[in-house]
Each structure stands twice: as C-alpha cells, then as structure tokens.
Amino acid sequence: MRKKIIAGNWKMNLDIDAANKLYSEGLSIWPETSEDTAVMIFPPSIYLQDFIQRNNGRFEIGAQNLSPYENGAYTGEISASQLKSIGCTMVLVGHSERRILYEEHEEVLKQKIESALKHGLKVIYCCGESLTEREELRHMSKIQNQLALLKEFSINEIKSISIAYEPIWAIGTGKTASPEQASEMHDFIRKELTNLFGSEIANTTSVLYGGSCSPTNANALFKCENIDGGLIGGAALDAHSFLSIIEALE
Ligand code: 13P
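Residues numbered from 1 in each chain as written. Predicted model: local features only at pLDDT ≥ 70, side-chain atom pairs only at ≥ 80, totals over all residues. Heavy atoms only, no water.

1. Looking at the pairing of strand S6 (residues 161–165)
So, point 1. Counting buried residues in S6 gives five out of five residues, a clear majority hidden from the surface.
So, point 2. The alternating pattern of S6 places Ile 161, Ile 163 and Tyr 165 and Ser 162 and Ala 164 on opposite faces, both of which are buried.
So, point 3. In terms of strand pairing, strand S5 (residues 122–127) meets S6 through five bridges, oriented parallel. Bridge assignment links Val 123 to a residue of S6, and that residue is Ile 161. (Buried < 20%, exposed > 50% of the residue type's maximum accessible area, 1.4 Å probe, protein only. Helix = DSSP H or I, 4+ residues; strand = E, 2+ residues; numbered from the N terminus. Pairing = 2+ DSSP bridges.)

Okay, structure coming up:
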C-alpha cells in the first residue's frame, strides 16, 4: 500500500512567535504520523532543531532545502549531514520556487538528491508545469522530462523518494487544478514511474498534489485514485485549515 501524506511547506513565512504559536497548536490538534498516513511539516530551517526537539516523533519534520555539497566553504548553506544530525528526516528538492528563483537545474537537483539519500534523508521531489506549457499542451512532456532525472537513482534509492506534482500556475494563486486535471497528470506520473522503475515501485511511491490545496477542495482531489495526499503551502499556515486537509484524506 502507498503511504498517504499531508505535508505543510511553510516557505519563508512566520517570525518566531507566529511559528511557535502554529507549531504548539499543531502539536495539540494534528494527528500523529501513523503507519498509513504521514503528517509532515517543512518549517523555515531556523526553527528545525527546536521543533524536532519538541516533537517526540509525532510528525516528520523536514527541510525546505539543502546544499548539494558535503561540507566546506559554502556560506549560508546547510548540508544533508547537518540536517540529519539534528534529527531531520525529510527534505524538499526541485520545488518550482527554487528551480525558477534560484535557477536550480537538473545537475544541482541530482546532487541534492544524492546527498540527501547518502545521509539517510527521505526526499519529496517536486515537479510541475507553467501555464504556458499547459496552454501549449507541453505539460505532459515537461513532467516526463523532470521525472527522467530520477533514472539516475537505483530502485533501492527510489524507495526513499516521493513525488509532488505542483502545477506552477496553481501555486499561491487560488486557482487549484480541477480534480480532472490533477487526476490526468497523476495517472500519467504513475505510468511514467512504471515505465522507469516497474510496477512495484510505481504502486508504492506516494504522489502528492500541491497548488492552492485547501479545506474546500482537498477532499475532491484526494478521492482521485492516484493522488496520495498533498503538499500544502498557504493553508498549512493555519493549524485548523491544515487539520481539515489532513481529515480530508480519510
Ligand atoms: P499553495 O498551497 O500556497 O498554493 O503552495 C503550494 C506549494 O508550493 C507547496 O509546496
């Protein structure tokens, strides 16, 4: 069975008081990660260590980014081994905001995934097309190309990777993909995973939807056969909204 996952990407939001308030509320109302369903949060990295210490294994706590390098003179960067050493379990790689704003291309994404896996971090690998690519009917080939990067990894390594499909035009815009649009792409991703790695991996890899997912639309999206949960931005910044999205999985 595939694990269901609800992950909150806090991005560069919330100063310490607001972050603590949200996290404390979350600790009291969000359900613990269970065998079937994982609850994950990706807070800004300055809060990771404190949150992990207060977490008692209730949720998975991950980083929004990592360095592609092992260690050394890389001012401002955080390595996979440093993340691992504070108890971090997960990392996001390939988010469109990093691909676009920080020009992270295939080679660097590959190095980031390699470093994460080497140090025992699980990865959520994000992919997604722009509005223009969709309008020009290039959305499937865009995702196919982004997924092709994963060919660099062994079957065993792929077991530590989940996928998040986040259409760029739906991120932070309030324009979520319709269940039909999301479902079509998730079916395609499942097929691609089968082509690349065989049906066993394809059937056990969680594929999340992200992009203006909210308490209002989550249930319809999560009913789609190949959508295994969500990577949530804005709605993860409110403890009750995030809870409603977790509950929409069931
Ligand atoms: P929103 O839910 O704010 O659209 O963000 C989605 C996202 O980018 C999560 O990584």
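Next comes the rest of the description.
2. Quick notes on the site of the ligand
So, point 1. Looking at the ligand, the residues that line it are Asn 9, Lys 11, His 95, Glu 166, Ala 170, Ile 171, Gly 172, Gly 211, Ser 212, Leu 231, Gly 233 and Gly 234.
So, point 2. A distance of 2.7 Å separates an oxygen atom of the ligand from a polar side-chain atom of Lys 11.
So, point 3. The separation between an oxygen atom of the ligand and a polar side-chain atom of His 95 is 2.9 Å.
So, point 4. About the coverage of the ligand: the protein hides 95% of its 310 Å² of free accessible area.
So, point 5. Class assignment of the residues belonging to the shell around the ligand gives a composition of three nonpolar, seven polar and two charged. (Near = heavy atom within 4 Å. Polar contact = N/O pair within 3.5 Å; in protein donor to acceptor, adjacent residues only side chain to side chain. Areas by Shrake-Rupley, 256 points an atom, 1.4 Å probe, with all protein chains shown as cover. Nonpolar A, V, L, I, M, F, W, Y, C, P; charged D, E, K, R; others polar.)

3. Structural notes on the pattern of salt bridges
So, point 1. All told, the structure shown has 15 salt bridges when counted by the stated rule.
So, point 2. Glu 97 is paired through a salt bridge with Lys 11; the nearest N and O atoms lie 2.8 Å apart. With a gap of 86 residues between them, Glu 97 in helix H4 (residues 96–101) and Lys 11 in the loop between strand S1 (4–9) and helix H1 (16–29) connect regions that are remote in the sequence.
So, point 3. Beyond isolated ion pairs, a larger network of salt bridges with shared partners links Arg 2, Arg 190 and Asp 228. (Salt bridge = Lys/Arg side-chain N within 4 Å of Asp/Glu carboxyl O.)

4. Here we look at the environment of Ala 80
So, point 1. Tracing the chain through its elements places Ala 80 in helix H3 (residues 80–85).
So, point 2. Take Ala 80: its relative accessible area is 0%, and that puts it in the buried class.
So, point 3. For the pair formed by Ala 80 and Lys 112, sequence separation is 32 residues and the distance between their alpha carbons is 8.3 Å.
So, point 4. Not counting residues within four places of it along the chain, the set of residues in contact with Ala 80 comprises Leu 66, Ser 115, Ala 116, His 119 and Leu 121. (Contact = heavy atoms within 4.5 Å.)

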